[in-house]
Amino acid sequence: MSFTIHGLGVSGGIAIGVAQLMSHTSLEVSHLTIGPRMVDKELLRFDAAVAAVREELTQLKAETTGAPAELGAFVDLHAMILADPELSEVPKSLIRDRRCNAEWALVQQMERLVEQFEAIEDPYLRERKSDVVQVVQRVVKELQGHGRGTPKARKGSKDADQIIVAHDLSPADTISFKGQRFASFITDVGGATSHTAILARSMAIPSIVGLHHARDLIRDGEWVVVDGTRGVVVVNPDERVLEEYRLRKSELELERTKLKRLKTTKASSIDGVDVSLYANIELPDDVEAARNAGADGIGLFRTEFLFLDRGDMPTEDEQFEAYRKVAKGMEGKPVTIRTFDLGADKSLEDADRMKTNPALGLRAIRLQLTEPKMLRTQLRAILRASKYGKVKILVPMLSHAHEIDATLAAVQQAKQSLREQKIAFDETIEVGGMIEIPAAALAIGMFLRRLDFLSIGTNDLIQYTLAIDRSDEQVSSLYDPLHPAVLMLIAHTIYSGDKAGLPVSVCGELAGDPALTRLLLGMGLRTFSMHPAQILEVKQHVLKSDVSEIAPVVRKILRYSEPEKIREQIEKLNA
């Protein structure tokens, strides 16, 4: 029987193959009471399981050679989580105090940590709770005597691509597929910032997450079509549907091959309007992908990944080396480094803090201004790296003039400290601010008077404008980039920046959506920043656009108050 499942498409493209189901370790473990004489033995059993998983992750790290940089980074993250005393030591205290079995103690501690992660506003950081769960699953599997198991290709299907179907996937699971012909990942859980989504995009593999019950509904060996662009999975497609998707898949592959020819082509519209296409990166090794895509520079270096990849705050020298690697790697092209955009306080120990909405709490520059040492360390590292390339500083989540003034004062203090030590840096380094809060867009004047450039973070701008948490499945359908209020704020920011002679870029998901390229061009946007994999397709749309014709049409579109009418007009604009 053929049927269709809908989820969140996080990496575009079409994959056709046979389903390979991944086993799912249940964390519903029994609570057993052990005798006093058995406590030491249980502690040894726990330590042995942790040591086995630690060795397993070390071996997996060695197997990431030649794989996308994100893969090794996530394995490192899992190793760091495993080494954290919160998982490696606290469960042992539970075993001693409550005389319980190791599995139950570990899962109890995991649930407490997951609650803390769920209180974090930042979607990427919040998604890391799944990494904690996956590390615990590996230890529980070891405790239960299952150990590491590498998935095997299904017999009789070696000529077909494998579609991995799982409740969730860890980076370690992904490495286990090395050498197999897997074409796609689909999972029951996950969001746009889950590691599965990030890895799939970096590997250019179609992927859909948030399917809820795919793991239960799909059987091993069934034929599956994955449409990562539309977020659709077709199980047991009939011959007509299969042929249709095969044709679409061939067309997409041909189109991607043609796009590669545009790598060195300058992004200019038909009427000669020059456009800059920058790349968003998370790690220094992502520079290679940006260069391969022909990026004009780095429009957003999300430096919090340096923090997440280890567990403690990187030192000034460690940050400097990371920033210098990116600056040198881009060979003189602009590199915009965003200061840490960390979320609200993780601690739930304080009952009063539990009452606070973390979406409106201490995050990004608000957090850094309360931790001046953290900010000073990062600013010094960025300034030192500016000697090796065209580096810019980008400040997230600004909403008040005093935040801008305090940040600029911190930059001057960092500069002075370097001068006193006779350490070279770019004295003319530019400082910009992110427009992510409606108040910032509406009071744009205070930014224009104080900063050198602006960058619109559309992901948060939409979220705050509509009061929608897009990672919350109950309201995610209301997350609408084409809401008239959102478009008004974006257009107002671009227009104000242009009028004041201040460069404005868009670095959120909208910048990488080819369907919205002409809309943004018509608003006056001339600098786009996106995932490297999206650059060539957006460039193609720029090359086929006539801005002089688009601009008056877009002005009319912005007058509409109904999202559906706006969508209809954008489709006509793209026709």
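## Concerning helix α7 (residues 129-143)
Since one α-helical turn is 3.6 residues long, residues separated by three or four positions face the same way.
Part 1: Spanning 15 residues, α7 covers 21 Å between terminal C-alpha atoms, matching the ideal 21 Å at 1.5 Å per step.
Part 2: Burial within α7 is extensive, with 11 of its 15 residues counted as buried.
Part 3: Among all positions in α7, only Ser-130, Asp-131, Val-132, Gln-134, Val-135, Val-136, Gln-137, Arg-138, Val-139, Val-140 and Leu-143 are buried.
Part 4: Once α7 finishes, Gly-145 follows within two positions and takes phi at roughly 85 degrees, a positive value.

## A closer look at the sheet that holds strand β16 (residues 527-530)
Consider a sheet: its strands pair through backbone hydrogen bonds, and that pairing is either parallel or antiparallel.
Part 1: An order of β9-β10-β11-β12-β13-β14-β15-β16 is seen for the eight strands of this closed barrel, with the pairing classed as parallel. On average, each strand axis in the sheet is tilted by 25 degrees relative to the strand beside it, whichever way the strands run.
Part 2: For strand β12 (residues 391-395) and strand β13 (residues 430-435), the ladder comprises four bridges, and the chain directions are parallel. Bridge assignment links Leu-394 to a residue of β13, and that residue is Gly-432.
Part 3: Across the sheet, helix α14 (residues 316-329) lies against β9 (276-281), β10 (298-302), β11 (335-338) and β12, angled at about 160 degrees from β10, the strand it touches most.

## A short note on unusual backbone geometry
Comment: phi is negative for the bulk of residues other than glycine, and the bulk of peptide bonds are trans.
Part 1: Even without being glycine, His-212 reaches a positive phi, approximately 70 degrees.
Part 2: Of note, His-212 is situated in the loop between β6 (207-209) and α10 (214-217).
Part 3: Its identity as a non-glycine residue notwithstanding, Glu-331 has a phi of 50 degrees, on the positive side.
Part 4: As for its placement among the helices and strands, Glu-331 is situated in the loop between α14 and β11.
Part 5: By relative accessible area, which is 59% here, Glu-331 ends up exposed.

## Thoughts on the packing of aromatic side chains
Part 1: A full pass over the atoms with the stated rule returns two aromatic pairs.
Part 2: Residues Phe-301 and Tyr-323 carry aromatic rings whose centres are separated by 5.9 Å and whose planes lie at 85 degrees to one another, so their mutual orientation is edge-to-face. Within this pair, whereas Phe-301 is found in strand β10, its partner Tyr-323 is found in helix α14, the two being separated by 22 residues in sequence.
Part 3: You can call Tyr-323 buried: its relative accessible area is 0%.
Part 4: Their ring planes at 55 degrees and their centres at 6.1 Å tell us that Phe-320 and Tyr-388 sit as a pair that is tilted. Taken together, the positions of Phe-320 in helix α14 and Tyr-388 in the loop between α17 (372-385) and β12 put the pair 68 residues apart, joining distant regions of the chain.
Part 5: Classification of Phe-320 as buried rests on a relative accessible area of 7%.
Part 6: What makes Tyr-388 partly exposed here is its relative accessible area of 29%.

## A short note on the packing of helix α4 (residues 90-98) against helix α5 (residues 102-118)
Geometry of a packed helix pair, given as the angle between the helix axes and the separation of the axes.
Part 1: Contact geometry for α4 and α5: axes closest at 8 Å, N-to-C directions at 125 degrees. When the axes of α4 and α5 are compared, the pair comes out oblique. At the point where α4 passes α5, the crossing takes the right-handed sense. Facing Val-90, Pro-91, Leu-94, Ile-95 and Arg-98 of α4, the residues of α5 in contact are Ala-102, Trp-104, Ala-105, Leu-106, Gln-108 and Gln-109.
Part 2: Considering only residue class, the contact of α4 with α5 consists of eight nonpolar, two polar and one charged.

## Side note on the sheet that holds β6
Part 1: If you walk across this open sheet you meet the eight strands as β1-β8-β7-β3-β4-β5-β6-β2, and the pairing is mixed. The open sheet has two edge strands, β1 (3-6) and β2 (8-11), and neither has a second partner. Direction aside, neighbouring strands of the sheet carry axes that sit 30 degrees apart on average.
Part 2: In the sheet, strand β3 (residues 14-21) pairs with strand β4 (residues 162-166) via four bridges, with the strands oriented parallel. Along β4, the bridge assignment pairs Leu-21 with Val-165.
Part 3: Packed onto the sheet, helix α11 (residues 239-259) meets β3, β7 (223-227) and β8 (232-235) and runs at close to 120 degrees relative to β3.

## Let's talk about the pairing of β8
Part 1: A two-sided burial pattern is seen for β8, the buried positions comprising Val-232 and Val-234 on one face and Val-233 and Val-235 on the other.
Part 2: Relative to β8, β1 runs antiparallel, the two being bridged by four bridges. Paired with Phe-3 across the two strands is Val-235, which belongs to β8.
Part 3: Linkage of β7 to β8, two consecutive antiparallel strands, is achieved through a turn of four residues, within which Gly-231 is found at a positive phi near 70 degrees.

## Considering the packing of helix α1 (residues 39-62) against α7
Part 1: The contact between α1 and α7 brings their axes to 9 Å, and the two run at 120 degrees. Between α1 and α7, the crossing angle belongs to the class labelled oblique. Crossing angle aside, the handedness with which α1 passes α7 is right-handed. Note on element contacts: α7 touches α1 through Arg-138, Val-139, Glu-142 and Leu-143, opposite Arg-45, Phe-46, Ala-49, Val-50, Ala-52, Val-53, Glu-56 and Leu-60.
Part 2: Looking at side-chain class alone, the contact of α1 with α7 contains eight nonpolar, no polar and four charged residues.

## Some words on the confidence of the model for the chain
Part 1: On average, residues of the chain score 86 in pLDDT, and 85% of them reach the 70 mark or higher.
Part 2: Of the regions scoring below 50 in pLDDT, residues 149-159 engages in 18 contacts with residues more than four places distant in sequence or in other chains.

## Thoughts on the pattern of salt bridges
Part 1: Within this structure, the stated rule accounts for 28 salt bridges.
Part 2: Salt-bridge contacts for Asp-405 lead to Arg-450; the nearest nitrogen and oxygen are separated by 2.8 Å. Of this pair, Asp-405 sits in helix α18 (residues 401-420) while Arg-450 is found in helix α20 (residues 445-450), placing the two residues 45 residues apart along the sequence.
Part 3: A single network of salt bridges, built from pairs that share partners, joins Glu-316, Asp-317, Arg-380 and Arg-384.

Analysis parameters
Residues numbered from 1 in each chain as written. Predicted model: local features only at pLDDT ≥ 70, side-chain atom pairs only at ≥ 80, totals over all residues. Heavy atoms only, no water. Helix = DSSP H or I, 4+ residues; strand = E, 2+ residues; numbered from the N terminus. Expected span 1.5 Å × (residues − 1). Buried < 20%, exposed > 50% of the residue type's maximum accessible area, 1.4 Å probe, protein only. Pairing = 2+ DSSP bridges. Axes fitted to C-alpha atoms, helices over the stretch in contact; angles between N-to-C directions. Contact = heavy atoms within 4.5 Å. Phe/Tyr/Trp six-rings, centres within 6.5 Å; stacked < 30°, edge-to-face > 60°. Parallel < 35°, antiparallel > 145°, perpendicular 65-115°, else oblique. Left-handed = near helix turned anticlockwise from the far one by under 90°. Nonpolar A, V, L, I, M, F, W, Y, C, P; charged D, E, K, R; others polar. pLDDT = per-residue confidence, 0-100. Salt bridge = Lys/Arg side-chain N within 4 Å of Asp/Glu carboxyl O.

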